[in-house]
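Below, each chain spelled out in residue letters.
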Amino acid sequence: MGAPVALCFLLRETAAGREVLLGRKKRGFGRGKIVGLGGHIEPGETPAEAAVRELEEEAGVVLDAAVLVPAGTVDFRFPARPAWDMACTMFTATVWDGEIGESEEIEPSWYPVEALPVEGMWQDADHWLPLVLAGTVADFYVEMAEDNETVFRFAVLGQ
């Protein structure tokens, strides 16, 4: 089992359609890639508490854990780099307080749900993220290839 992490996808309705908040990673793991906001679950934290804390740290917004909608899990495996393995719990939310802003770690931007910036994301994102944003709650399995960039195996384990 990989390191426990939590992600939360903020969603909003606009005249042009639904949008999701993603961010370009400015440092650390995945630097330069567009990712979901979130991070490691600290000892003693629930996944929801971690998602709330991470969104405040990364984008300056305040969430009530009660408004988080469970969105399933992703088991990320990197056979060539097992230290990168992650057990990810996901949430979505449509209610928050504060203005979204840039942090030292993330440059957040809104993207159309129907036109995700997959060319700038980890290759696995287009396998599961559209499903999550469409409301599918499932457990996903992603195994990366030896290059740690391309997807070797993807599975939907349960809904």
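If you check an unreviewed UniProt entry, the protein appears there as Oxidized purine nucleoside triphosphate hydrolase from Sinomonas atrocyanea. As stated in UniProt under Subunit (unreviewed entry), the record for the protein gives "Monomer." In UniProt, the protein has this text filed under Sequence similarities (unreviewed entry): "Belongs to the Nudix hydrolase family."

Moving on, we get to the layout of surface pockets. In this structure, the largest pocket spans a volume of roughly 570 Å³. In terms of lining, the largest pocket is formed by 29 residues, of which the most central are Leu-7, Lys-25, Phe-29, Val-35 and Met-86. Sorting the residues of the lining of the largest pocket by element identifies strand E1 (3-14), strand E3 (34-35), strand E4 (37-40), helix H1 (47-59), strand E6 (86-93) and helix H2 (125-133) as the ones contributing at least two each. Top element by residues in the lining of the largest pocket is E1. It accounts for four residues. Tallied by class, residues from the lining of the largest pocket come to 19 nonpolar, four polar and six charged.

A word on unusual backbone geometry. We note that Asn-148 has phi near 60°; this positive angle belongs to a residue other than glycine. With respect to the helices and strands, the residue Asn-148 is situated in the loop between strand E8 (138-144) and strand E9 (151-158).

Before going further, it helps to examine H2. If you check which residues of H2 are buried, you get Ala-125, Trp-128, Leu-129, Val-132 and Leu-133. End-on view of H2: buried residues confined to an arc of 130°, all on one side of the axis. Following H2 by one or two positions, Gly-135 adopts a phi angle in the positive range, close to 100°.

The rules behind each value
- The residue numbering used here restarts from 1 in each chain and proceeds along that chain's sequence as written.
- Thresholds applied to this predicted model are a pLDDT of at least 70 for local features of residues and 80 or more for the giving and counting of side-chain atom pairs; totals over whole chains, interfaces and linings are not thresholded and use all residues.
- With hydrogens and water set aside, each side-chain value is computed from the structure's full complement of heavy atoms.
- UniProt positions are given in the numbering used here, feature names are shortened, and annotations may be inferred rather than shown by experiment.
- Buried and open spaces are told apart on a 1 Å grid over the protein atoms alone, a cavity being a set of points where a 1.4 Å probe fits but cannot get out and a pocket being an open set with protein on both sides within 12 Å along at least five of seven lines. Residues with an atom within 4 Å of a point are the lining residues.
- Grid points are joined across faces, edges and corners, and a volume is the space filled by probe spheres set on the points.
- Only DSSP runs of H or I reaching four residues or more are called helices, and only runs of E reaching two or more are called strands; each is numbered from the N terminus.
- The residue classification treats Ala, Val, Leu, Ile, Met, Phe, Trp, Tyr, Cys and Pro as nonpolar and Asp, Glu, Lys and Arg as charged. All others, Gly included, are polar.
- Note on exposure labels: buried denotes an accessible area under 20% of the residue type's maximum, exposed denotes more than 50%, and partly exposed covers the range between, all computed with a 1.4 Å probe on protein chains only.
- Starting at the helix axis, one direction is taken to each C-beta atom, and the arc is that of these directions.

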